[in-house]
Amino acid sequence: DIQMTQSPSSVSASVGDRVTITCRASQGFSRWLAWYQHKPGKAPKLLIYAASRLQSGVPSRFSGSGSGTDFTLTISSLQPEDFATYYCQQAHSFPYTFGQGTKLEIK
Amino acid sequence: QVQLQESGPGLVEPSQTLSLTCTVSGGSFSSGSYYWSWIRQPAGKGLEWIGRIYTSGSTNYNPSLESRVTISVDTSKNQFSLKLSSVTAADTAVYYCARVAWLRLEGYYYYYMDVWGEGTTVSVSS
């Protein structure tokens, strides 16, 4: 299985801050990487697919980049509704695997 | 707008079979443009992919669960289902269903889960 490791596991930030979350894969691949936002009691929400493609309806302050083993999700200017847990997920090979999550909290 | 809704018992006894159904509404379930997947999340833990199915019935499973899992599809009802046999307390989790889309780019297919249900909690206990 491909192991996905996110860092940091949690981060405290303020509204307006720029935040970057990193996801490292145990094996390299190209664009088979997605990012999700998850709030308690809600359905996970797709933010980024194919490593850098912004899902329709997702604000442009979210962006994704990377290839190989290192990928990043960046939120350029945090908004109050962005405080949630974020997961990366690889779809390069079965089984699909997720990172352990990064909890973004209000400072 | 497509919506997914999980349904099924919230409590299952140990050694029994967990059965859940995902009903898809507001979209073309049988269009052949998507796979359909199950994912779970134990309390306080991360997300675990269980498997996926195409409307043809073709499946892929997580090897860690493959001996106990069956995912099936009923296109006449716009539903797909999950069965997990011989459950234990370790199978207690929130179970999500999701639609799997893909982007075809430069000869490759990049898969991602673009629509999710809100999840249903299943507890395994006697």
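Before any of the text, the structure's been laid out above.
What you are looking at is a predicted structure, and each value in this text was computed from that prediction instead of being measured. (Residues numbered from 1 in each chain as written. Chains lettered and ligands numbered in written order. Predicted model: local features only at pLDDT ≥ 70, side-chain atom pairs only at ≥ 80, totals over all residues. Heavy atoms only, no water.)

### Things to note about the overall build of chain A
On a plain count of helices and strands, chain A comes out with zero helices and 10 strands. Along its sequence from the N terminus, chain A presents helices and strands in the succession β-β-β-β-β-β-β-β-β-β. Taken over C-alpha atoms, the radius of gyration comes to 13 Å for chain A, in line with the 13 Å a tight globule of 107 residues would show. Overall size of chain A, expressed as C-alpha extent along the three principal axes, is 35 × 25 × 25 Å. Burial statistics for chain A: of 107 residues in total, 48% are counted as buried. Long-range pairs, those at least 24 residues apart, make up 56% of the contacts in chain A with a sequence separation of at least 6. Carbon and sulfur atoms make up 46% of the accessible area of chain A, which amounts to about 4600 Å² in all. A distance of 5 Å separates the average location of the 10 positive side-chain charges in chain A from that of its 6 negative side-chain charges. (Helix = DSSP H or I, 4+ residues; strand = E, 2+ residues; numbered from the N terminus. Rg over C-alpha atoms; globule rule 2.2 N^0.38 Å. Buried < 20%, exposed > 50% of the residue type's maximum accessible area, 1.4 Å probe, protein only. Contact = heavy atoms within 4.5 Å. Areas by Shrake-Rupley, 256 points an atom, 1.4 Å probe, with all protein chains shown as cover. Lys, Arg positive; Asp, Glu negative; His and termini not counted. Charge placed at Lys NZ, Arg CZ, Asp CG, Glu CD.)

### Here we look at the sheet that holds strand β3 (residues 19-29) of chain A
All names here are of chain A. Overall, antiparallel pairing links the three strands, which are arranged β1-β3-β7 in an open sheet. The two strands at the open ends of the sheet, each matched to only one other strand, are β1 (4-7) and β7 (62-75). Each strand of the sheet is rotated relative to its neighbour by a mean of 20°, with strand direction disregarded. As judged from the four bridges shared by β1 and β3, these two strands associate in the antiparallel manner. When the sheet's bridge partners are listed, methionine 4 is paired in β3 with alanine 25. (Pairing = 2+ DSSP bridges. Axes fitted to C-alpha atoms, helices over the stretch in contact; angles between N-to-C directions.)

### Some remarks on the state of the cysteines
All names here are of chain A. Within the structure shown, the criterion is met by two disulfides over all chains. One disulfide in the model links cysteine 23 with cysteine 88; its S-S distance is 2.0 Å. The sign of the 65° torsion about the S-S bond sets the cysteine 23-cysteine 88 disulfide as right-handed. Note that cysteine 23 is positioned in strand β3 and cysteine 88 in strand β8 (residues 85-90), a separation of 65 residues in sequence. (Disulfide = S-S within 2.5 Å.)

### Considerations on the interface of chain B and chain A
Residue-level contacts link 25 residues of chain B with 22 residues of chain A. In this structure, the connection of chain B to chain A is made through zero salt bridges. Inspection of the chain B/chain A interface yields five residue pairs in polar contact (both at pLDDT 80 or more). Secondary structure elements with two or more residues in the side of chain B that touches chain A: β4 (35-41), β5 (48-54), β9 (93-105) and β10 (108-116) of chain B. Here the element with the most residues in the side of chain B that touches chain A is β10(B); it accounts for eight residues. (Salt bridge = Lys/Arg side-chain N within 4 Å of Asp/Glu carboxyl O. Polar contact = N/O pair within 3.5 Å; in protein donor to acceptor, adjacent residues only side chain to side chain.)

### Quick look at unusual backbone geometry
The general pattern is negative phi for most residues beyond glycine and trans for most peptide bonds. Of the consecutive residues Ser7(A) and Pro8(A), the connecting peptide bond is found in the cis state with omega at -5°. For Pro8(A), the location among the structural elements is in the loop between β1 and β2 (10-13). Backbone torsion omega between Phe94(A) and Pro95(A) reads -5°, so that peptide bond is classified as cis. Relative to the assigned elements, Pro95(A) resides in the loop between β8 and β9 (97-98). Phi at Ser86(B) is positive, roughly 50°, even though this residue is not glycine. Tracing the backbone shows Ser86(B) in the loop between β8 (79-84) and β9.

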